[in-house]
Amino acid sequence: MVVLNSESSASIDRENAKKERKIVRRTRLRLPSGKDCMDLPKDGGNANLWDYPELVERRSALLSQAPVYYDTDSKERLLYVAQGEIAHADPSTCDALVSDRATTCQIVALKSANLCTMMHIDAPKYESCIRKAIRLHKGEEVDVHILGGFQDQDALSQSITDFLLKLLADLAETQHLTLQTACVSSLNGRNSPLGRGLALDCRTGRVHLASCCRFLGPALSLRSSHVWTPRTKLY
């Protein structure tokens with residue numbers, strides 16, 4: 001047995017603190033309460049969102065509700081966002097932004113005082129488009145909601161989640177971003193996604209699960225043709 005004196009213990013604590021600083025990135029990406037911010041791994045490891053009770057609680061609340069079904073007869077003014085697309089709206093032009101059919105894809109919804117944005121991200125790329133989308137909110141406080149992915153065998157969902165969280169953390173250095181919802185990767189299912197669609201109410205900023213008929217548009221067939229071509233940006 002080795003007996004450690006107080007000086008040795010302090011030295012070990014300092015070494016552990018150094019290791020902690022090496023592997024943890026303190027960010028300004030706020031959690032729902034607004035009191036704390038998210039920590040991300042510096043070494044390229046995966047972010048463990050199960051470590052954040054606020055996000056887990058909100059994920060459970062979101063998944064506890066049945067998806068709202070939208071079709072061409074829905075009374076709301078809807079704008080559907082397909083895979084690989086981005087859309088912006090405000091309450092004067094649209095009641096809700098909606099996207100669905102996400103498996104490993106992840107749906108990102110942004111809400112500030114005067115603008116709503118939704119993106120359907122299908123790969124860990126499109127950084128310049130996402131940065132531009134955030135800038136359109138003109139320095140206002142932005143609530144961020146993300147849904148999609150699951151614990152898939154190839155870890156594609158996790159790669160998209162990590163990409164988005166690290167990018168949002170970078171953007172949070174210059175703009176007030178709050179991660180209100182993160183129902184992604186393993187938080188959204190172990191073998192298949194529990195939530196596949198998301199709707200953002202343009203007036204209240206609230207989100208809920210959604211499911212849409214395949215003909216919800218406008219001009220969905222024409223817009224979706226870009227999925228079959230090489231892409232470097234969101235449309």
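Since the model is a prediction, treat every value here as computed from it, not as a measurement. (Residues numbered from 1 in each chain as written. Predicted model: local features only at pLDDT ≥ 70, side-chain atom pairs only at ≥ 80, totals over all residues. Heavy atoms only, no water.)

A. Broad picture of the pairing of strand β10 (residues 177-184). Burial analysis of β10 places eight of its eight residues in the buried class, the great majority of the element. In the sheet, strand β9 (residues 142-148) pairs with β10 via seven bridges, with the strands oriented parallel. Across the sheet, residue Asp143 finds its bridge partner in β10, namely Thr178. (Buried < 20%, exposed > 50% of the residue type's maximum accessible area, 1.4 Å probe, protein only. Helix = DSSP H or I, 4+ residues; strand = E, 2+ residues; numbered from the N terminus. Pairing = 2+ DSSP bridges.)

B. Representation of the side chain of Ser112 within the structure. Looking at the element boundaries, Ser112 is found in the loop between β7 (106-111) and β8 (116-121). In this structure Ser112 comes out as buried when scored by relative accessible area, which is 4%. Within the local environment of Ser112, its side chain forms a polar contact with the side chain of Glu140, the two groups lying 3.1 Å apart. Leave out the neighbours within four places in its chain, and Ser112 touches His137, Glu140, Glu141 and Val142. (Polar contact = N/O pair within 3.5 Å; in protein donor to acceptor, adjacent residues only side chain to side chain. Contact = heavy atoms within 4.5 Å.)

C. The side chain of Asp162, seen in detail. Note that Asp162 resides in helix α4 (residues 156-171). It is Lys166 that comes nearest to the buried, bridge-free Asp162 among opposite-charge side chains, at 5.2 Å. With near-sequence residues (within four places) excluded, Asp162 lies in contact with Gly45, Asn46 and Ala47. (Lys, Arg positive; Asp, Glu negative; His and termini not counted. Salt bridge = Lys/Arg side-chain N within 4 Å of Asp/Glu carboxyl O.)

D. Main features of the nonpolar core. Counting 35 residues, the largest nonpolar core has Met38, Leu49 and Leu179 as the members making the most contacts within it. Of all the secondary structure elements, the ones that give two or more residues to this core are β2 (37-41), α2 (53-63), β7, β8, α3 (127-135), β9, α4 and β10. Here this core gets eight residues from one element, more than from any other, and that element is α4. Among the nonpolar cores identified, the runner-up in size contains 19 residues, and Val81, Ala87, Cys183 and Leu209 belong to it. (Core = buried A, V, L, I, M, F, W, Y, C linked by side-chain atoms within 4.5 Å.)

E. Local environment of the sheet that holds strand β11 (residues 198-201). Strands sit in the order β3-β12-β11-β6-β4 across an open sheet of five strands; the sheet is mixed. Each edge of the sheet is formed by a strand with only one pairing partner; in this case those strands are β3 (68-70) and β4 (78-80). On average, each strand axis in the sheet is tilted by 35° relative to the strand beside it, whichever way the strands run. Where strand β6 (residues 96-99) lies against β11, four bridges are found, and the strand directions are antiparallel. Across the sheet, Ala96 pairs through a bridge with Asp201, a residue of β11. (Axes fitted to C-alpha atoms, helices over the stretch in contact; angles between N-to-C directions.)

F. Inspection of unusual backbone geometry at higher detail. Residue Lys138 is not a glycine yet carries a positive backbone phi of 50°. Positionally, Lys138 belongs in the loop between α3 and β9. Its identity as a non-glycine residue notwithstanding, Ser185 has a phi of 50°, on the positive side. Checked against the element boundaries, Ser185 lands in the loop between β10 and β11.

G. Seen up close, the pattern of salt bridges. A complete count under the given rule lists seven salt bridges for this structure. With a shortest N-O distance of 2.9 Å, Glu127 and Arg131 are connected by a salt bridge. Here Glu127 and its partner Arg131 are both found in helix α3, four residues apart, which amounts to about one turn of the helix. You can call Glu127 partly exposed: its relative accessible area is 37%. Classification of Arg131 by relative accessible area gives partly exposed; the value is 25%. The salt bridge partner of Asp170 is Arg131, with a shortest N-O separation of 3.9 Å. Residue Asp170 is found in helix α4, and its partner Arg131 is found in helix α3; the two are separated by 39 residues along the sequence. The exposure class of Asp170 is partly exposed, given its relative accessible area of 33%. Three or more residues joined by partner-sharing salt bridges are found here, namely Arg25, Glu127, Arg131 and Asp170.

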